Every structure is written in C-alpha cells, then in structure tokens.
Amino acid sequence: MILYEKNGHSYEITDPPFKIGGEATLHAVTGYPEWVAKCYKPEKCTRERENKVTVMSKLQVTRYFKDSVVFPLIPLYQDDSCHAFAGYLMERVRNITELQEIYFGDDLNQKQKTIIAMNLCVMTNLVHSAGQVIGDYNPKNIALDKATGIGKLIDTDSFHITVKSNKNGSVRTFPCKVGVEALIAPELRKKLSDQHADLETVQGGSFTKETDLYALGFHIFALLMGGATPYRNCVDMAALGDSKNVSSVNIDQFEAAKKGDFLFAKQVFGKKLPEDVPDFNILSPALQELFKRCFIDGAKKPECRPQAAEYYSALSTYYAKLKKCSCGQEHYLWEGYHKPCEWCRIQQFYQNKIGTPV
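What you are looking at is a predicted structure, and each value in this text was computed from that prediction instead of being measured.

Caption draft 1: Structural detail: the pattern of salt bridges. The final tally for this structure, using the stated rule, is 21 salt bridges. With its nearest N and O atoms 3.5 Å apart, the salt bridge here joins Arg49 to Glu23. Of the two residues, Arg49 is situated in helix H1 (residues 47-58) and Glu23 in the loop between strand S3 (19-20) and strand S4 (24-28); the sequence distance between them amounts to 26 residues. Between Lys38 and Asp157 there is a salt bridge, with its nearest N and O atoms 3.2 Å apart. Of this pair, Lys38 sits in strand S5 (residues 35-40) while Asp157 sits in the loop between strand S10 (151-153) and strand S11 (161-164), and the two are 119 residues apart along the sequence. By the burial criterion, Lys38 is buried, and Asp157 matches it. Shared partners join several salt bridges into a network, and the residues in it are Lys38, Asp155 and Asp157.

Pasting the structure below:
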C-alpha cells in the first residue's frame, strides 16, 4: 500500500497492520524503521480530523517536547492528488508498558514508581507549557519503559488542541472528544450531567489544564499507593451502629469525587477505607498536602489543584528519603513513617484472604 504526503513524496506502508484499534490501524513503513503509519478507518477520515492532524504536525514545539510527546509528523493521503485523507506518520515507540499495569504490579518498587511519577510531571508540564491540554489522560495513552521509568504520551491525536491564527488572532479549538470516566474531573462531569451531554456534544468547553491536573494527581496517587484510587471507600458498619442502614451510605466513587470525599484525609460518616489500601502516612507531609489540594479543595475549586512542577518537587524530596524495609523485600517507605511496613501488612492481608497456595 502506497500513501502520499502533500509534497508528493510517497511511503510504502506494510499490510496487514501490526496493531488494530477502534478507530485506526498501525503499520510499519518500509525504509523508515523509526516511524509508523496510523491509518484511520474510512468512516473516521473526516475533514475535521484531517485539519487537526495537519495543525498538530505544524505546531512549533521544543526538542524536549518531541522527546516525550508523540505528535503527528506528516499527514498521509491515499493518492498523489492528496484529496483523500488517510492518516499520518509518527514516531515508533518501543518497550511499551501501560501505566495501569504498573499501578498494580509488584515488579517495580516504590523508588521506581516515584521516578515514573516524576516523569509524568515532566510530560504534563511540557504539554501545558506548549499551551495545549491532554484531555483524555488515559493510562493506555502513556507508554513507559519499565527499565528506565521514562515515558511518552501516545495517541495524541485525541489531545485538546488550541491554535491562534497569525493573521487575525482568532483562536480555533480542536476538542478532545473521548475520555476515561474515572479520570474525568468533577467539574467536567457536572457540566456533562447538567447538559445531558457527552464529550462530543457538550457546550461551553470541556477539558482544561485543571482537568489534566486532576488526572495527573489521580495517576501519581495510584502509583504511590499500590493502585488505590483516591476515592476508594466502603461502608463503615461500626459507625452505623445498631441501625445498620447500609442503603443510607452512598459509596459511589464518582459521587465521592464530586463532594471531595477523600477519605485518606477526610472523615465522612458511614464510610471508611478498605483494609487493603496503604496508610496515607507512608507519604511525606508535602505529598499529602498536594493530594488534599487536588482531591478535596480541587473538587470545589479546580484552580486549587497542584501544578505538575509542585508534584515534581515534592516527589524529588520524597524519593531521596525513601528507606528500605528490614523484611528483605523491595519495600520502601518514607523515612518519617515509624510504624510497621504497610506493604508487608497488605501482602499478609491478601495471603490470609486467599490462603497460602499448596
């Protein structure tokens, strides 16, 4: 299969694709091992998508941005007349591990996960410094090299892109129209609910830098807390007393996010944290304060959420003060935590729950 760019140059795209997604397929490019071609399914080859990809390929960004964010490089067309849009060329990313796999995996220790969290801050800051918004900050769109902790943002054609015309100063937005429900910030979730809309039909804007910072906080928290999400909760039967009115307690995590019911740092009648989540105090006070701002204060005032640079600074200090548990395993805790190892406790909790394998 031959595809073309606007200047007439052609590329041989191998078929069949090496990966098939919901909207597009990925193909190797003969003679260009460092690139891949993302080819949209025919119904996805809209004029709006063509315009967005073209704009993204022309944005002036730094070398550091290009090292961390896989943007479209060259729009591709089905014939040399360049009337039928097909997709685009982009950098090929190897050694990919999805972020969500790292949340729960036990093959990386707390120091390694902290490095990954710091790299998420770098990537987020690069996008925001370029005046853009990630939007769909999906863990599947974060490709990580587990050996180094270095990551790249991929599937960036879903980004929430804003460009300003050099001619008349007008601003044009190519909105992000997809998102993972758990990572949609409370204020955007409320807007969607109030309008009875989805991300394709919502009016008055959708994703912002503040919604990105909500997702960033979510990712960092899950990384450092063994995969626990910020609004994990369950019914506190002891608190309910003799009434045992379980139906009176709403443990829906989305509702908790809207109210800022971050139980790691806030008491809510009838609710408690499950036993399998770590003690919040394994984190440094500086990190604890940032998470409170993100998940309690930010629920009502999104502008209160910490910036990526604030997380990076606190993570750097936290990393330097991680100490290894005496258990002999790769368990690290903040040096100011003087209780028994939480990772050992949780490990024992699961062993007791499922029984010791024979």
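Caption draft 2: Examining the packing of aromatic side chains more closely. Here the structure, examined in full by the defined rule, presents 23 aromatic pairs. Ring centres of Tyr32 and Trp35 lie 5.0 Å apart, and the angle between their planes is 5°; on these two criteria the pair is classed as stacked. A residue is classified by how much of its surface remains accessible, and Tyr32, at 25% relative accessible area, is partly exposed. An aromatic cluster of three or more residues is present, and its members are Tyr214, Phe221, Tyr231, Phe262, Phe264, Phe280, Phe291, Phe295 and Tyr311.

Caption draft 3: Focus on the pairing of S5. Burial within S5 is extensive, with six of its six residues counted as buried. In this sheet, S5 lies alongside S4 in antiparallel orientation, the contact comprising five bridges. Note on S5: the bridge partner recorded for Thr25 is Cys39. Linking S4 back to S5 in an antiparallel pair, the connection comprises six residues, with Gly31 at a positive phi of about 85°. Across five bridges, the pairing between S5 and strand S7 (residues 85-91) is antiparallel. Pairing of Lys38 across the sheet is with Tyr88, part of S7.

Caption draft 4: Geometry of the pairing of S11. Residues Ile161 and Val163 of S11 are buried on one face, while the alternating residues Thr162 and Lys164, pointing to the opposite face, are not. Summarising the sheet, S11 and strand S12 (residues 171-174) pair through four bridges and their orientation is antiparallel. Within the sheet, the bridge partner assigned to Lys164 lies in S12 and is Val171. Connecting S11 to the next strand, S12, in antiparallel fashion are six residues, including Gly169 with a positive phi near 80°.

Caption draft 5: Region of the structure containing the sheet that holds strand S9 (residues 142-144). Taken together, three strands build an open sheet; the order of strands is S8-S9-S10 and the sheet is antiparallel. Looking at which strands have only one partner, the edges of the open sheet turn out to be strand S8 (97-98) and S10. Here three bridges tie S9 to S10, and the two strands are oriented antiparallel to one another. Counterpart to Leu144 in the pairing with S10 is Gly151. Relative to the sheet, helix H4 (residues 110-129) contacts S9 and S10, its axis offset from that of S10 by approximately 35°.

About the criteria used
- Residues numbered from 1 in each chain as written.
- Predicted model: local features only at pLDDT ≥ 70, side-chain atom pairs only at ≥ 80, totals over all residues.
- Heavy atoms only, no water.
- Salt bridge = Lys/Arg side-chain N within 4 Å of Asp/Glu carboxyl O.
- Helix = DSSP H or I, 4+ residues; strand = E, 2+ residues; numbered from the N terminus.
- Buried < 20%, exposed > 50% of the residue type's maximum accessible area, 1.4 Å probe, protein only.
- Phe/Tyr/Trp six-rings, centres within 6.5 Å; stacked < 30°, edge-to-face > 60°.
- Pairing = 2+ DSSP bridges.
- Contact = heavy atoms within 4.5 Å.
- Axes fitted to C-alpha atoms, helices over the stretch in contact; angles between N-to-C directions.

Bear in mind that shape data such as this cannot, by itself, settle questions of function.
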